[in-house]
Structures are given as structure tokens and as C-alpha cells.
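# A structural walkthrough
The chain contents come next:
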Amino acid sequence: MNPILEVEHLSISFTQYQTGMRQRELQVVHDLSLTIEAGSIVAVVGSSGSGKSLLAHGILGILPYNAHMAGMIRYQGKPLDPPLAGHLRGTEIVLVPQGVAYLDPLMKIGAQIRKGKKDKTALTRCRNVLNRYGLGPETENLYPFELSGGMARRVLISTAAVESPKLIVADEPTPGLDAAAAKRILTHFRELADDGAGVLLITHDLELALSVADRVTVIYAGETIENAAVTDFNNGKIYHPYTKALWNALPQNGFVPISGTQPYPGEIVSGCLFAPRCPDRTKDCQEKNIPYSPVGAGYVRCLNAKKGGIV
Ligand SMILES: Nc1ncnc2c1ncn2[C@@H]1O[C@H](COP(=O)(O)OP(=O)(O)OP(=O)(O)O)[C@@H](O)[C@H]1O
Ligand code: NI
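Analysis parameters
Residues numbered from 1 in each chain as written. Chains lettered and ligands numbered in written order. Predicted model: local features only at pLDDT ≥ 70, side-chain atom pairs only at ≥ 80, totals over all residues. Helix = DSSP H or I, 4+ residues; strand = E, 2+ residues; numbered from the N terminus. Rg over C-alpha atoms; globule rule 2.2 N^0.38 Å. Buried ≥ 20, exposed ≤ 12 C-beta atoms within 10 Å, placed from the backbone. Contact = placed C-beta atoms within 7 Å. Near = placed C-beta within 6 Å. Nonpolar A, V, L, I, M, F, W, Y, C, P; charged D, E, K, R; others polar. Core = buried A, V, L, I, M, F, W, Y, C linked by C-beta atoms within 7 Å. pLDDT = per-residue confidence, 0-100. Expected span 1.5 Å × (residues − 1). Arc of directions from axis to C-beta.

On a plain count of helices and strands, the protein comes out with 11 helices and 12 strands. Here the protein has a C-alpha radius of gyration of 20 Å; the compact-globule value for 311 residues is 19 Å, and the two agree. With respect to the three principal axes, the spread of C-alpha positions in the protein is 65 × 55 × 35 Å. The 311 residues of the protein split such that 38% are buried. The contacts of the protein with a sequence gap of at least 6 include a subset with a gap of at least 24, amounting to 64%.

This is the structure we're talking about:
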């Protein structure tokens, strides 16, 4: 085992100011844990608002000033505190951000990808990485507003990939891309992993996650609720009822929908956050604190799975 990234019991809250001088702490990420081995791709899957982008920003050390993070993040065994994250960000640890708004609107694309460097190696690398994503050298002289949505996304990925990173955090990298362009990106992630990097692939699309990752971690309302190998999904070795619901909602499994929504941040729910939607809930589920426990080669946060009641 050679973990490149370990996240343990990560929680994130925001200080919010209300009328007058009153302030409150809004907890949005409750308890996230995951490990990425060097050479592997871990997909983080969860619906909108579950805390995926905050996880990415927490790892990169770029949460807003009113955010508070607790828990532990380790990079190659060392605590990834803000100074270390700042030092490695953009070179060893890179983010492919979810929004194209992360591009500097006043800087030409070439300069953004090269991070201002003008030497021959930087120029060649920049050209090569653009070419790899199907963008010609003329792209270097464009400003972000001159790019289409799909081109901007490919530029973001080029910016991240140009430095031979060891940890890539890709936040929904493929929406807006045609199938060929998406495949090119995912193939590149696999190559980076084969060369020893760790890839954290954030997506709401379980099908995409299963097609490219080695392991999948599922997030629900700011908690990791299951971690399983991709092969476990096909072999029926997934245990959490929400993971099963995501699996059953895939086209090949009959599109079975799930009713209800995840709790909003700040909504008071005791016990299991999924219990209100769970067909198998018991009284204990709604009252007890549910630990994230090892099951097989993965983890699950479900009392019934621990008792062996779910297969
Ligand atoms: N600066 C902030 N202040 C207060 N709440 C925030 C802040 N940033 C994010 N949140 C809240 O935290 C929750 C998680 O947000 P996050 O962006 O991580 O979701 P996500 O899983 O990435 O969703 P999506 O799939 O839509 O990108 C959301 O409910 C969001 O409203
Ligand atoms: Ni997001």
C-alpha cells in the first residue's frame, strides 16, 4: 500500500452572518474519509450539493476565508497543511476546476498554461498538451472569452496536466464535451495513473465513474457512505441502500428512480442522514451515530450492512 492521499474525518463549516451581528456556523461537510493509492483512480460520486467540490477545495487548500476545516489530510504521509498545499499547488497537486470561471479573463491561454514561463521547454510543453486535447497552436493567443465551453474545459485540463502532477483532483471534468473529447481526457488520466500519479475524479455520474476508476467513493449529504472497488458493483458487493439506488438508476439496470432528496445543510437530522429515504430503516438508524466501518475490502456507513442484513 502506497497512499498518495489520505483524507480522514474531514468536516467543513462556514461562518455565516445573519441580521445584526448574529453569526452561525453552517456545517456542510460532516465526515469524509478516503484514500488514494499511487497509480490509481478513485471516483467520488454524489449528487449536487453533497460536498464534492468542497472536498476538492479542502485538499487544494483553497476554501474561502469563512470556511473552517477539521480532520486530517495527508499527502505522501505528511499532513497537507495550508503552507504545504500552497507550495505544491499547480505543480505536484493540481485541480481541474469545475467552473471555467477559474480562467483569468485578462490573460491569453498560452500564458495561463505556461504560468507565465517563456522558455523553450515551457513553450513546447504547452503546444504538446494543447495538441493532445485537440486544440491547435492558435489557441495560445486567444483570451478565455473567445473559447467555446468545451474548448475552455479542455484548456483547464491542459493547464493542470502540463506539469506532470502526482495528484490530480478533477472536478467534473467532462460535461459539455463530446464523447471523443471526454474519452481523450479519461484516457489521459489513466496514463497519468499508470505513471504513478493518483487521480481523484469527481462526478455525479456513476456510469462514468465505473467506466474509468479503480475504486468508487460515494458521498451523501457531506458524508462518505460507501467505498468499493469497481468490480464490487458488478459482483453485487455494494451494501449501502443509497449506493444500490444509484446503481439501480443506471440505464442498464432499469432506470429505477429514487424518491426524496438529501437533507439541506443546516437541516437537523439525527442518526443516518439517508434514513428518511431508506426502505430498510429501523429505529436505531434514526437515533444512533453511524460509523464508517470496513466491510470486505471497502467501507460502508450503514447499521444494517454491519449486521449483515444487506447483501
Ligand atoms: N462559501 C459557502 N458558504 C456557504 N455554503 C457553501 C459555500 N460553498 C458551498 N456551500 C454549500 O455546501 C454544499 C456543498 O457544496 P459543493 O459545491 O461541495 O457541492 P457539490 O457536491 O460539488 O455539488 P455540484 O455537483 O452541484 O457541483 C452546498 O449545499 C453549498 O450550498
Ligand atoms: Ni461541485
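Moving on from the coordinates now.
Take the site of ligand 1 next. Taken together, 15 residues form the shell around ligand 1, and within it Val28, Ser48, Lys52, Ser53 and Leu54 come nearest. When residues of the shell around ligand 1 are traced back to their parent elements, those giving at least two are strand S2 (23–37) and helix H1 (52–60). When residues in the shell around ligand 1 are grouped by element, the largest group, 3 residues, is from H1. Each residue belonging to the shell around ligand 1 can be placed in one class, and the counts come to 6 nonpolar, 8 polar and 1 charged.

Moving on, we get to the nonpolar core. Judged by nonpolar contacts, the single largest core of 80 residues is most densely connected at Ile168, Phe189, Val199 and Leu201. Of all the elements, helix H5 (residues 149–161) adds the most residues to this core, at 6 residues. Sequence-distant contacts of Val199, defined by excluding residues within four places in its chain, comprise Ile41, Ile168, Ala170, Phe189, Leu192 and Ala193.

Turning our attention to H1. Buried residues dominate H1, accounting for 8 of its 9 residues. Listing the buried residues of H1 in full gives Lys52, Leu54, Leu55, Ala56, His57, Gly58, Ile59 and Leu60. Looking one or two residues beyond H1, the residue adopting positive phi is Gly61, at roughly 75°.

On to the confidence of the model for the protein. Averaged over all residues, the pLDDT of the protein equals 92, while 98% of them reach at least 70. The ipTM, which scores confidence in the relative placement of chains, is 0.99 for this predicted complex, and the corresponding pTM is 0.94.

Given a rise of 1.5 Å per residue, 13 residues ought to cover 18 Å, and the 18 Å separating the end C-alpha atoms of helix H4 (residues 120–132) matches this to within 8%. Within H4, burial applies to Cys126, Val129 and Leu130. Within H4, the buried residues cover an arc of 100° as seen down the axis, which keeps them to one side. Across H4 from its buried face, at more than 90 degrees, point the exposed residues Lys120, Thr121, Thr124 and Asn128. Contact partners of the buried residues in H4: helix H3 (109–114) and H5. Phi turns positive one or two residues past the end of H4, at Gly134, with a value near 75°.

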